[in-house]
Amino acid sequence: MEPKERMLNAVDDAEMAFWAKIAEAFPEITTGDLPPDVVIPLRIQNENAVCCWLGGNSDFFPSFRDNYDKEHFCEECGEKMVPAGVKLCVDCCRESNNREMGVD
Ligand SMILES: [Zn+2]
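Everything quoted here is computed from the prediction, not taken from an experiment.

Colleague: Help me out: how do you make sense of the environment of S96 in this one?
Modeller: Note that S96 resides in helix α4 (residues 90–101). Accessibility expressed as a relative area gives 18% for S96, which makes it buried. As a C-alpha pair, S96 and E76 span 20 residues in sequence and 9.9 Å in three-dimensional space.

In structure tokens form, the structure reads like this:
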């Protein structure tokens, strides 16, 4: 399996484990609704954090590590971002996703 696929699978598993622990703390809550504008930024930040960790501690993402100290900017609004494998900032990603889903 490719490092990127392993990273994405690990983030999937970790998010499932995270929400399982949250649900465990609130057994009286039986639904799992969460708006996309909360889910998507969380996902991006989690992937960023794992990519940072992999970039700094392995050879899996050398280009990421090489670019770690460089500045990164959103391709849409130009806002400065944390080093990441994503092209859009959280706000632009949310707007883009809302457009795709037909949400104003
Ligand atoms: Zn942006």
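Having seen it, we continue.
Colleague: What is the right way to look at helix α1 (residues 3–25) in this model?
Modeller: Three or four residues apart is the spacing at which side chains of an α-helix point the same way, because the helix has 3.6 residues per turn. Its 23 residues place the ends of α1 33 Å apart at the C-alpha level, agreeing with the 33 Å of an ideal helix rising 1.5 Å per residue. Among all positions of α1, only M7, V11 and E15 are buried. If you follow the buried residues of α1, they end up packed against α2 (36–57).

Colleague: I tried to follow the side chain of E15 on my own but got confused; where do I start?
Modeller: Secondary-structure assignment places E15 in helix α1. Judged by its relative accessible area of 17%, E15 falls in the buried class. Apart from residues lying up to four places away in sequence, E15 is in contact with L42, R43 and N46.

Colleague: I keep staring at the environment of V38 and nothing clicks. Help me out?
Modeller: Assignment of secondary structure puts V38 in helix α2. C-alpha separation for the pair V38 and R94, spaced 56 residues apart in sequence, amounts to 9.0 Å.

Colleague: Please clarify how the packing of α1 against α2 should be interpreted in this entry.
Modeller: When two helices pack together, their arrangement is given by the angle between the helix axes and the distance between those axes. Taken N-terminus to C-terminus, the directions of α1 and α2 make an angle of 125°; their axes are 10 Å apart at the nearest point. The orientation of α1 with respect to α2, classified from their angle, is oblique. Seen along the crossing, α1 lies across α2 with a hand that is right-handed. The residues of α2 that touch α1, namely those facing M7, L8, V11, D12, E15 and W19, are L42, R43, N46, E47, V50, C51 and L54. Looking at the contact of α1 with α2 residue by residue, the class counts come to eight nonpolar, one polar and four charged.

Colleague: For this particular structure, what's the right way to read the packing of aromatic side chains?
Modeller: Note on aromatic pairs: each is described by the distance of the centres and the angle between the planes. Taken as a whole and assessed by the stated rule, the structure comprises one aromatic pair. Aromatic side chains F18 and W19 sit 4.9 Å apart centroid to centroid with 80° between the ring planes, which places their arrangement in the edge-to-face category.

Rules and cut-offs
Residues numbered from 1 in each chain as written. Predicted model: local features only at pLDDT ≥ 70, side-chain atom pairs only at ≥ 80, totals over all residues. Heavy atoms only, no water. Helix = DSSP H or I, 4+ residues; strand = E, 2+ residues; numbered from the N terminus. Buried < 20%, exposed > 50% of the residue type's maximum accessible area, 1.4 Å probe, protein only. Expected span 1.5 Å × (residues − 1). Contact = heavy atoms within 4.5 Å. Axes fitted to C-alpha atoms, helices over the stretch in contact; angles between N-to-C directions. Parallel < 35°, antiparallel > 145°, perpendicular 65-115°, else oblique. Left-handed = near helix turned anticlockwise from the far one by under 90°. Nonpolar A, V, L, I, M, F, W, Y, C, P; charged D, E, K, R; others polar. Phe/Tyr/Trp six-rings, centres within 6.5 Å; stacked < 30°, edge-to-face > 60°.

Nothing here speaks to function; it is all geometry.
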